[in-house]
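So the chains spell out like this:
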Amino acid sequence: MPTITLPAPTVRDGSVDPDETPDTTPAPVGRNLMTNRFVAGVLRSRWYPGVLQVPVAGVFGLVAFQLLAGPDAAHDNAGTALMWVLWWPLIPIVFVLLGRFWCAVCPFGAISDFVQKWVGVNRPVPVFLKRYGIWIIDASFLLITWADHVWGVVESPWGSGVLVLILTTAVIASGALFQRRTFCRYLCFLGGMSGNYARVGMVELRADSEICRTCKAKAVCYNGNDKVAGCPLFTFPRTMEDSANCNLCANCIKSCPNDAIAVRLRKPTSELWFINKPKIEESYLAMAIMGIVLIQNITMLEVWNDVLTWIETTTGITSYPVIFTVAFALAVTLPVGLLALASRAAAGTNLETTRQNFARFGYALIPLDVAGHLAHNLFHLLAEGGSVYYTVAGLFGDAPVVGDPALVGAGTIQALQFALLALGVAASLYTAGRIARRRYRTAARRRGTVVPYAVIIALLGAVNVYFFLLPMAHRM
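Starting from 1, residues in each chain are numbered consecutively following that chain's sequence as written. Reporting of local features is limited, given that this is a predicted model, to residues whose pLDDT is at least 70; pairs of side-chain atoms are given and counted only at 80 or more, and all residues count toward the totals for whole chains, interfaces and linings. Each side-chain value is worked out from all heavy atoms of the structure, with water and hydrogens disregarded.

Examining the packing of aromatic side chains
Stacked, edge-to-face and tilted labels apply to pairs of Phe, Tyr and Trp rings (six-membered ring for Trp) whose centres lie within 6.5 Å, assigned for plane angles under 30 degrees, over 60, and everything in between, in that order. As enumerated under the stated definition, the model contains 18 aromatic pairs in all. Where tryptophan 84 meets tryptophan 88, the ring centres are 6.0 Å apart and the plane angle is 70 degrees; that geometry is what we call edge-to-face. Taken as a pair, tryptophan 84 and tryptophan 88 lie in helix α3 (residues 78–98) at a separation of 4 residues, close to a single helical turn. Only protein chains enter the calculation, and the probe is 1.4 Å; a residue is then buried if its accessible area is under 20% of its type maximum, exposed if over 50%, and partly exposed in between. The exposure class assigned to tryptophan 84 is buried, which follows from its relative accessible area of 9%. An aromatic cluster is present here, built from Trp84, Trp87, Trp88 and Trp102 joined pairwise through their rings. In this analysis the charged atom, NZ for Lys or CZ for Arg, is taken to sit over a ring once it is within 6 Å of the ring centre and within 35 degrees of the ring normal. Over the aromatic face of tyrosine 222 sits the side chain of arginine 180, whose NZ or CZ is 4.5 Å from the ring centroid. Under the scheme used here, helices are H or I runs from DSSP no shorter than 4 residues and strands are E runs no shorter than 2 residues, and both carry numbers assigned from the N terminus.

If you want it as structure tokens, here you go:
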């Protein structure tokens, strides 16, 4: 394993604090799955991941067709059920278990590869995308969520179909103009979320730096060769310190002549403790997603209509887009503002700036972010999952198939939601503690740093618990 070098803590004038030296112990090495003949055979096969892309693309085509040409009512549309009731709730689970594996089989990636092969001009990625791509992802995530509530994208099969068409057009344009999967790396809102969530995941791909140091293959793992394409997400295995931009496509495994690439199991969230170069935009994305989950919860509550009525009566404002835009801005600002306040408080103890603390400890809240998202989506999956069967079965029968959409009772769903939130709170608290322990050598600085973040983790966890105690409306 390579030695991880963390910059020494600095005081606000930029000088190094001589009394503080970060813990540079490298991340523990988990079990290498490449020692399993079946796993190694699959990942080295020329059929992987293409053999998985074909059925996924088939389902994607069915979904797109149903959204654009199927029933107008979401309740009767198989595309809506497959996309929003099944796929959307399950995708964060995939990220937690397998990192960005979905990106290896995603139809958009296959479309980009196809377009690039036949008409691509392979221009370099623009500098502004490299520099500001994550902020574009942040903005697009917020914009899509806002548009959903203002224009009813999820509730409208046609609206969801238009969203798919817009994304497909962007993928085609990117594949025609730029190298590799520029859209997936720098523009895809789902890619941004998956990158953050992959850091919590249980699987990682890493290269053996000792073998790589003597490699004469001219970075074939990154550049590819005449049989295997280069890394689609512009990631050099030798220098990887996180899983945010690895989709487990196995291109590097197939092209490496030295078997230096390992795919390992690891403890969930452990990657968050070893990030050398935290980025403020990635921490902001985690907080923005948390705010999005909050507003999704609020607008699904039965009391939301009472709130709208109160606002109209009190202020005279009857425009839903105006009311929602204000509520949306407040919901997203809340977790961002809380993290900023906690970072300001921590800065008074650990001598780093508020900005540095925001970037570093925003990662500690990703486990709670993931838990809140999973808990919210769990309601759709378990309370409405039956609609997937009924709408898809309706495609193959003359008479409509109807029945109870709930897979389990409301009490079971709540118990599972609270269990997820408890795990998320515990994991975020533990992660904050581990980051502080590696970063600061004195107990006083560790304690003074962790306490503000512990407070906001507990507060955000309590807010989510409160929302899940209230009755929620169904999506379909």
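More follows now that the structure is in view.
Considering the pattern of salt bridges
Only one rule defines a salt bridge in this text: a Lys or Arg side-chain nitrogen within 4 Å of an Asp or Glu carboxyl oxygen. Applying the stated rule across the entire model yields 13 salt bridges. The salt bridge involving aspartate 259 is made with arginine 44; its shortest N-O contact spans 3.4 Å. Of this pair, aspartate 259 sits in the loop between α12 (251–255) and β2 (261–265) while arginine 44 sits in helix α1 (residues 37–44), and the two are 215 residues apart along the sequence. According to the relative accessible area criterion, aspartate 259 is exposed, its value standing at 54%. Overall, the relative accessible area of 40% leaves arginine 44 in the partly exposed class.

Considerations on the pairing of strand β1 (residues 203–207)
Of all 5 residues that make up β1, 5 are buried, and the element is covered over most of its length. With 5 bridges joining them, β1 and β2 adopt antiparallel strand pairing. Bridge pairing in β2 links glutamate 204 to arginine 264. By the convention used here, strands pair only if DSSP detects at least 2 bridges between them.

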